[in-house]
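# A look at the structure
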Amino acid sequence: MTWKQSVLRGLRFHWVYVIAPPLFFLLCLAVFFFDAPQDSEHYPQVFVVSEGETVREIATRLQEKQLINSKSLFIIANHINGGKILWGSYHFYKPKGVFFRAREMYLGEKNMPLRRIKVPERSNFYHLADLFDKEFNDFDRDTFEDLARDRHGYLYPDTYLFSEEEVTPEQVIDIMMRTFNRRTDDLFEAYDGPLSQDEIVALAAIVELEASRLDDRRLIAGVLFNRLEQDMRLEVDVPFIFIDGKDTFDLSLEDLQSDHPLNLYKNYGIPPIPIVNPSRDSIDAVINPTESNYLYFVGDGRRTYFSETYAEHLEKKRTYVDPYK
């Protein structure tokens with residue numbers, strides 16, 4: 001073998017080592033992109049994409065539900081397909097490779113008919129059970145109430161889209177809780193106070209029912225904190241809407257003496273559970289209350305009146321509220 005033949009042979013071996021690894025990598029990538037997962041026990045399955053969800057959030061949920069092999073490759077495949085996902089309800093019948101799954105969701109294939117449901121502010125889980133039971137045939141109300149009771153306060157009031165054919169209590173609660181997180185995460189991340197998230201939500205639920213304007217809500221939150229700091233009972237009426245459906249004008253002295261844990265005329269501190277599912281504004285108000293010397297407030301349904309002393313509070317109550325009885 002001449003020296004020229006030896007050099008050429010060495011170069012051929014050199015190029016094999018240079019080219020083989022990238023080719024192997026591309027082959028593996030192609031398998032992950034186009035090869036479907038072998039596990040089919042998760043099918044058929046309904047997967048709901050909410051309006052406003054990011055591709056990364058959707059990819060994470062797909063991987064958690066074992067509907068794709070890799071969220072990173074799904075994001076890449078989504079970008080290759082056009083960079084968007086049509087929100088709605090998808091019915092996945094069988095496994096697919098991550099590229100084809102991304103393509104399917106880009107085109108909105110098997111996107112089932114949806115019904116728009118408005119969940120109003122100031123709703124508790126009984127209201128929600130009534131709403132979904134009325135809107136959807138064969139909705140499992142009992143299961144919904146059992147699940148919603150433990151997640152009360154975190155079922156965010158908003159407008160939702162649900163499949164008429166496949167809506168389930170688990171799906172409804174999952175979507176509403178994820179919406180709560182998406183709408184409020186920035187508020188909780190910025191908060192560095194002493195309250196737990198559950199305590200903030202419980203106070204926000206009171207604020208939600210006491211006023212509708214953000215500036216009033218922040219003042220009310222400040223009043224609640226003032227009373228807590230002075231070891232005063234909160235003494236607000238709105239928990240009775242949750243306890244027995246009574247508002248301020250329906251309450252009796254007997255109601256105010258009840259032993260219910262949500263009766264804040266007898267019990268000190270923050271209520272143990274939220275009485276409604278609060279909105280972002282109410283949570284914002286509790287996290288960013290307006291400081292004042294007020295210890296009392298009363299509303300007439302249109303505006304809220306604040307007082308520093310009990311005598312002043314009674315006078316405003318007689319002037320602005322009692323005439324409306």
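These remarks concern the structure in this document. (Residues numbered from 1 in each chain as written. Predicted model: local features only at pLDDT ≥ 70, side-chain atom pairs only at ≥ 80, totals over all residues. Heavy atoms only, no water.)

Further remarks concern the nonpolar core. If you look at the biggest cluster of nonpolar residues, it comprises 55 residues, and the most contacted ones within it are F162 and L224. Elements represented by at least two residues in this core include exactly strand 1 (45–49), helix 5 (125–135), helix 6 (141–150), strand 5 (159–163), helix 7 (169–190), helix 8 (197–210), helix 9 (214–229) and helix 12 (280–287). Broken down by element, this core gets its largest block of residues, eight residues, from helix 8. Excluding residues that lie within four positions of it along the chain, L224 makes contacts with L203, I206, V207, L234, V236 and F297. Counting residues in hydrophobic clusters, the runner-up holds 18 residues, among them F47, A77, I85 and V98. (Core = buried A, V, L, I, M, F, W, Y, C linked by side-chain atoms within 4.5 Å. Buried < 20%, exposed > 50% of the residue type's maximum accessible area, 1.4 Å probe, protein only. Helix = DSSP H or I, 4+ residues; strand = E, 2+ residues; numbered from the N terminus. Contact = heavy atoms within 4.5 Å.)

This paragraph deals with the pattern of salt bridges. Under the definition given, this model contains 18 salt bridges. For K96, the salt bridge goes to E104, with nearest N and O atoms at 3.7 Å. By relative accessible area, E104 is classed as buried at 2%. Among the salt bridges present, the one from D259 reaches K266, with a minimum N-O distance of 2.9 Å. When its relative accessible area of 66% is taken as the criterion, D259 is described as exposed. Under the relative-accessibility criterion, K266 is labelled partly exposed at 34%. Each of E53, R61, D174 and R178 takes part in one network of salt bridges that share partners. (Salt bridge = Lys/Arg side-chain N within 4 Å of Asp/Glu carboxyl O.)

A word on the packing of helix 6 against helix 7. Pairs of packed helices are described in terms of their axes, by the angle between the two and the distance that separates them. Running from N to C, helix 6 and helix 7 point in directions that differ by 30°, and their axes come no closer than 9 Å. Looking at the two axes, helix 6 sits roughly parallel to helix 7. Once helix 6 is placed against helix 7, the crossing between them reads as right-handed. Contacts between helix 6 and helix 7 pair T143, F144, L147 and A148 from the former with P169, E170, V172 and I173 from the latter. Residue composition of the contact of helix 6 with helix 7, grouped by class: six nonpolar, one polar and one charged. (Axes fitted to C-alpha atoms, helices over the stretch in contact; angles between N-to-C directions. Parallel < 35°, antiparallel > 145°, perpendicular 65-115°, else oblique. Left-handed = near helix turned anticlockwise from the far one by under 90°. Nonpolar A, V, L, I, M, F, W, Y, C, P; charged D, E, K, R; others polar.)

Below, the discussion takes up the packing of helix 8 against helix 9. Packing of helix 8 against helix 9 brings their axes to within 9 Å, and their N-to-C directions diverge by 130°. With respect to helix 9, the element helix 8 is oriented oblique. Regarding helix 8 and helix 9, the two cross each other, and that crossing is right-handed. Between helix 8, through L203, I206, V207, E208 and E210, and helix 9, the contact on the second element is made entirely by R217, I220, A221, L224, F225 and L228. By residue class, the composition of the contact of helix 8 with helix 9 is eight nonpolar, no polar and three charged.

Now for helix 6. Along helix 6, the positions that sit buried rather than exposed are F144, E145 and A148. Down the axis of helix 6, the buried set is contained in an arc of 100°. They therefore lie on one face. Away from its buried face, by an angle of more than 90 degrees, helix 6 presents the exposed residues D142 and D150. In this structure, the buried residues of helix 6 make contact with helix 5 and helix 7. (Arc of directions from axis to C-beta.)

Here we take up the pairing of strand 5. A regular strand carries its side chains on alternate faces of the sheet. The buried fraction of strand 5 is high, at four of five residues. As paired elements, strand 4 (residues 114–118) and strand 5 share five bridges and run antiparallel to each other. Across the sheet, residue K118 finds its bridge partner in strand 5, namely T159. (Pairing = 2+ DSSP bridges.)

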